[in-house]
Amino acid sequence: MRGPGPTSVVRSAEMPSYSLSYLKQLESESMYIMREVAAEFKNPVMLYSVGKDSSVMVRIAQKAFHPAKIPFPLMHVDTGFKFPEMYAFRDGFCRDIDVTLIVERNEEWIAKGCHPLKMGVDKCCSYLKTGALLEALNKHGFDAAIGGARREEEKSRAKERVFSLRDRFGQWDPKNQRPELWDLYNTRINEGESVRVFPLSNWTEQDIWQYIKIEKIPIVPIYFALEREVIRRQGILIPVSSCSLVEDSNQLKTDEEKIETVSCRFRSLGCIPCTGAIPSRASVIDDIIGEVRAAKKSERENRVIDLTSDSSMEQKKKEGYF
């Protein structure tokens, strides 16, 4: 058998490499998914929660459609309970990148004083998150909503397709999902139906932080560790300063709970009453990446919304939650 001749060896040495790094492959896949959404749906929207995953989604959308603007608006479903740092970051970030931002709130239940400590986490979430989201999608006639959920972060999200069908009531049936063989996506929907699209499905928490580092993506500063006054409640660190903004002094702590100062940061961001901090000294992104590599628990370990029952997130998603 003859081996390759000298000419083929020279050509092989001159050919550029087209192999992509692992992160570049993920980025390429996410860009392809966003372009599919823009091409196949009449009125898509990107759900913007202000967290790290949303920041990565926005950067990928910018690159996917460059030099044009992002061809769909960003929508923040605001419960009124977000951290002040999140509101400040949201407004400044969206203004700086010149993107259309829609903010939707369930003003009826906010005015009624809906609060997880008064009504329970599930009911509060149903009104201020799920209800507000479904109303907003109907109000604007959005037929596709792009979200930053990842399969790695929570077990019910691990079940979900990249293009996840919702019925005319915005509900999800996990036992009736479309196949996505060979990354072929079915974008056909009947009148009244919609889809949730998850371009970061195959990313991990570590991928997100490494991409933020490489791309120098701005993020909400409370992701970094600081000395904070906290209360330990069911193993979760509850920051006193932020809780005092949404709870009256009688609700803030019980007689048995003591205020202590702990170096901590937020691993994921949500509503103040339902989001705890974790002990940490990570003040730069490299420290956070090191923490994530060593972590033995889910990044949502301090989100009370996930802890009400074993299937709490799946039930919320069936009802229309993000």
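Each remark here, short or long, concerns the structure printed above.
Okay, so let's go over this structure. (Residues numbered from 1 in each chain as written. Predicted model: local features only at pLDDT ≥ 70, side-chain atom pairs only at ≥ 80, totals over all residues. Heavy atoms only, no water.)

**What to know about empty space enclosed by the protein**
Applicable threshold: Buried and open spaces are told apart on a 1 Å grid over the protein atoms alone, a cavity being a set of points where a 1.4 Å probe fits but cannot get out and a pocket being an open set with protein on both sides within 12 Å along at least five of seven lines. Residues with an atom within 4 Å of a point are the lining residues. Grid points are joined across faces, edges and corners, and a volume is the space filled by probe spheres set on the points. Secondary structure elements follow DSSP: runs of H or I no shorter than four residues count as helices, runs of E no shorter than two count as strands, and numbering proceeds from the N terminus. Residue type decides the class: Asp, Glu, Lys and Arg count as charged, Ala, Val, Leu, Ile, Met, Phe, Trp, Tyr, Cys and Pro as nonpolar, and the leftover types, Gly among them, as polar.
Under the criterion given, the structure shown has four cavities of 30 Å³ or more. There is about 540 Å³ of room inside the largest cavity. Taken together, 31 residues make up the lining of the largest cavity; nearest its centre are S49, L269, R303, Y321 and F322. For the lining of the largest cavity, the secondary-structure elements that each account for two or more residues are α3 (52-65), β2 (74-77) and α7 (121-140). Per-element tally for the lining of the largest cavity: the top contributor is α3, with four residues. A per-class count over the lining of the largest cavity returns 12 nonpolar, 10 polar and nine charged. Considered as a void within the structure, the second largest cavity measures approximately 110 Å³ in volume. What lines the second largest cavity is a set of 14 residues, and nearest its centre among them are C124, C125, K129, C271 and C274. Top element by residues in the lining of the second largest cavity is α7. It accounts for five residues.

**Quick look at helix α9 (residues 205-215)**
The following threshold applies: Remark: exposure states derive from per-residue accessible area (1.4 Å probe, protein chains only) relative to the maximum for the residue type, with buried under 20%, exposed over 50%, and partly exposed in between. The contact definition used throughout considers only heavy atoms, calling two residues in contact when any of these lie within 4.5 Å.
Burial in α9 covers these residues: E205, D207, I208, W209, Y211, I212 and E215. Those residues of α9 hidden inside the fold are in contact with α2 (22-40), α3 and α12 (285-294). One or two steps after α9, the chain reaches K216, where phi turns positive at roughly 55 degrees.

**Some words on the nonpolar core**
Most often, soluble globular proteins keep nonpolar side chains buried together rather than apart. Applicable threshold: Buried Ala, Val, Leu, Ile, Met, Phe, Trp, Tyr and Cys residues form a nonpolar core when they are joined through side-chain atoms within 4.5 Å.
Of all hydrophobic cores here, the largest spans 57 residues; its most connected members are M46, V56, W203 and W209. Those elements that provide at least two residues to this core are α2, α3, α4 (84-97), β4 (144-146), β6 (194-197), α9, β9 (259-265) and α12. Counting residues in hydrophobic clusters, the runner-up holds 11 residues, among them V45, L47, V77 and L133.

**With respect to the layout of surface pockets**
Considering only enclosed or pocket space, the largest pocket measures out at about 250 Å³ in volume. As for the largest pocket, its lining consists of 15 residues, of which N138, F142, G192, E193 and S194 are closest to the centre. Looking at the lining of the largest pocket, the elements with two or more residues in it are α7 and β6. Counting residues per element, the lining of the largest pocket draws most heavily on α7, at three residues. Broken down by class, the residue content of the lining of the largest pocket amounts to five nonpolar, five polar and five charged.

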